[in-house]
Amino acid sequence: MKMASNSATSLFLTLFLIIQCLSLLTAAQDFDFFYFVQQWPGSYCDTKQSCCYPKTGKPASDFGIHGLWPNNNDGSYPSNCDSNSPYDQSQVSDLISRMQQNWPTLACPSGTGSAFWSHEWEKHGTCSESIFDQHGYFKKALDLKNQINLLEILQGAGINPDDGFYSLNSIKNAINSAIGYTPGIECNVDESGNSQLYQVYICVDGSGSNLIECPVFPRGKCGSSIEFPTF
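Worth saying up front: this structure is predicted, and the values here are computed from it rather than measured.

## Remarks on the UniProt feature "active site" (unreviewed entry) in the protein chain
The sites that UniProt annotates as "active site" (unreviewed entry) are His66, Glu120 and His124. For the residues just named, distributed over 59 residues, the greatest C-alpha separation is only 11.1 Å, placing them together at one site. Turning to its location among the elements, Glu120 is positioned in helix 4 (residues 114-123). Tracing the backbone shows His124 in the loop between helix 4 and helix 5 (134-147). When sequence neighbours within four positions are dropped, the list of residues in contact with His124 reads Leu68, Trp69, Pro70, His119 and Tyr137. A polar contact of 3.4 Å, which involves the side chain of His124, links it to the side chain of Trp69.

Listed below in structure tokens is the structure:
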């Protein structure tokens, strides 16, 4: 009886360890893909809320990074996954100049960018820790920005930030032709009520390695013709 009891206990412990390992593996990557999101500063600023330039000065007239966001195929997403992993600027010290240039804050009051980057890491980045540490997370977003030059792509198709109106389809088609995948387009509204090009979503696979066709698109709230404001 004692041997049978020991055997049962051993079997129970083995099953318990297997379940624990499986749960850890499941928790390790609880998302399906990433949204890589870039925003047009002219549209961020051209609203009733307006904007504030960062303490480093007016950003370049170019799309800036908003974030790299883990997402699920059903449209849901994880957030704030690890309260024990706060943003630590010392871990990205070699990237700060690139982040100031390509990931500027436009929120008021004027800031250095650290509050923006801290928010992005703690809300979104901590949910990708099975793939990236802090340095890897920010570097991947910066490298994607370098890989996908949206302003160059759009201007090459005759779509310029000149306060003109362009068809939503022409914007999507220009980006699709350049990168091989359909983007998600999000619009906001200027002070006159015009729909304007605000954010562009590109999808990246769950390993953070390759661009993919988006499994689901964000709600864009765009008209068929949208403004591309100056900045």
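From this point, things continue past the structure.
## A short note on the state of the cysteines
According to the stated counting rule, one finds five disulfides in the structure shown. A sulfur-sulfur separation of 2.0 Å characterises the disulfide bridge that pairs Cys187 with Cys222. Residues Cys187 and Cys222 are joined by a disulfide whose S-S torsion is about 105°; by sign, that bridge is right-handed. Here the residue Cys187 occupies a position in strand 4 (residues 184-189), and Cys222 occupies one in the loop between strand 6 (211-212) and strand 7 (225-228), the gap between them amounting to 35 residues.

## Some points on the confidence of the model for the protein chain
The share of residues in the protein chain with pLDDT of 70 or more is 87%, and the mean pLDDT across the chain is 91. Confidence drops under pLDDT 50 across residues 18-27; counting only partners more than four residues distant or on other chains, this segment forms zero contacts.

## Here we look at helix 4
Within helix 4, the full set of buried residues consists of Phe116, Trp117, Ser118, Glu120 and Trp121. In this structure, the buried residues of helix 4 make contact with strand 2 (64-71), helix 3 (96-102) and helix 5.

## Remarks on helix 5
Taking 1.5 Å of rise per residue, the 14 residues of helix 5 would be expected to cover 20 Å, and the 20 Å separating its terminal C-alpha atoms lies within 8% of that figure. Looking only at helix 5, the buried set comprises Gln134, Gly136, Tyr137, Phe138, Ala141, Leu142, Leu144 and Lys145. Looking at the buried residues of helix 5, the elements they touch are strand 1 (33-39), strand 2, helix 3, helix 4, strand 5 (195-205) and strand 6.

## Structural notes on the side chain of Lys145
Of note, Lys145 is situated in helix 5. Non-local contacts of Lys145, meaning those with residues more than four positions away in its chain, are made with Phe36, Gln38, Asp62, Phe63, Ile65 and Asn102.

## Description of the pairing of strand 5
Within strand 5, 11 of the 11 residues are buried, leaving the element largely enclosed by the surrounding structure. Pairing geometry for strand 4 and strand 5, over six bridges, is antiparallel. Within strand 5, the residue paired with Asn188 across the bridge is Gln196. Where strand 4 folds back on strand 5, the antiparallel hairpin that results is connected by five residues, among which Gly193 adopts a positive phi of roughly 90°. Summarising the sheet, strand 5 and strand 6 pair through two bridges and their orientation is antiparallel. Of the residues in strand 6, the one forming a bridge with Cys203 is Ile212. Linking strand 5 to strand 6, which pair antiparallel, is a turn of five residues; within it Gly208 sits at a positive phi near 75°.

## As for the packing of helix 4 against helix 5
Contact geometry for helix 4 and helix 5: axes closest at 11 Å, N-to-C directions at 110°. As judged from the angle between their axes, helix 4 and helix 5 are roughly perpendicular. Contacts between helix 4 and helix 5 involve Trp117, Glu120 and Trp121 from the former and Gln134, Tyr137 and Phe138 from the latter. Looking at the contact of helix 4 with helix 5 residue by residue, the classes come out as four nonpolar, one polar and one charged.

## Let's talk about the pattern of salt bridges
All chains considered together, the criterion is met by three salt bridges. One salt bridge connects Lys145 with Asp62, and the closest N-O pair in it is separated by 3.0 Å. Of the two residues, Lys145 sits in helix 5 while Asp62 sits in the loop between helix 2 (41-45) and strand 2, which places them 83 residues apart along the sequence. Because the salt bridges share partners, they merge into one network encompassing Arg98, Lys139 and Asp143.

Conventions used here
Residues numbered from 1 in each chain as written. Predicted model: local features only at pLDDT ≥ 70, side-chain atom pairs only at ≥ 80, totals over all residues. Heavy atoms only, no water. UniProt positions renumbered as here; feature names shortened; annotations may be inferred. Helix = DSSP H or I, 4+ residues; strand = E, 2+ residues; numbered from the N terminus. Contact = heavy atoms within 4.5 Å. Polar contact = N/O pair within 3.5 Å; in protein donor to acceptor, adjacent residues only side chain to side chain. Disulfide = S-S within 2.5 Å. pLDDT = per-residue confidence, 0-100. Buried < 20%, exposed > 50% of the residue type's maximum accessible area, 1.4 Å probe, protein only. Expected span 1.5 Å × (residues − 1). Pairing = 2+ DSSP bridges. Axes fitted to C-alpha atoms, helices over the stretch in contact; angles between N-to-C directions. Parallel < 35°, antiparallel > 145°, perpendicular 65-115°, else oblique. Nonpolar A, V, L, I, M, F, W, Y, C, P; charged D, E, K, R; others polar. Salt bridge = Lys/Arg side-chain N within 4 Å of Asp/Glu carboxyl O.

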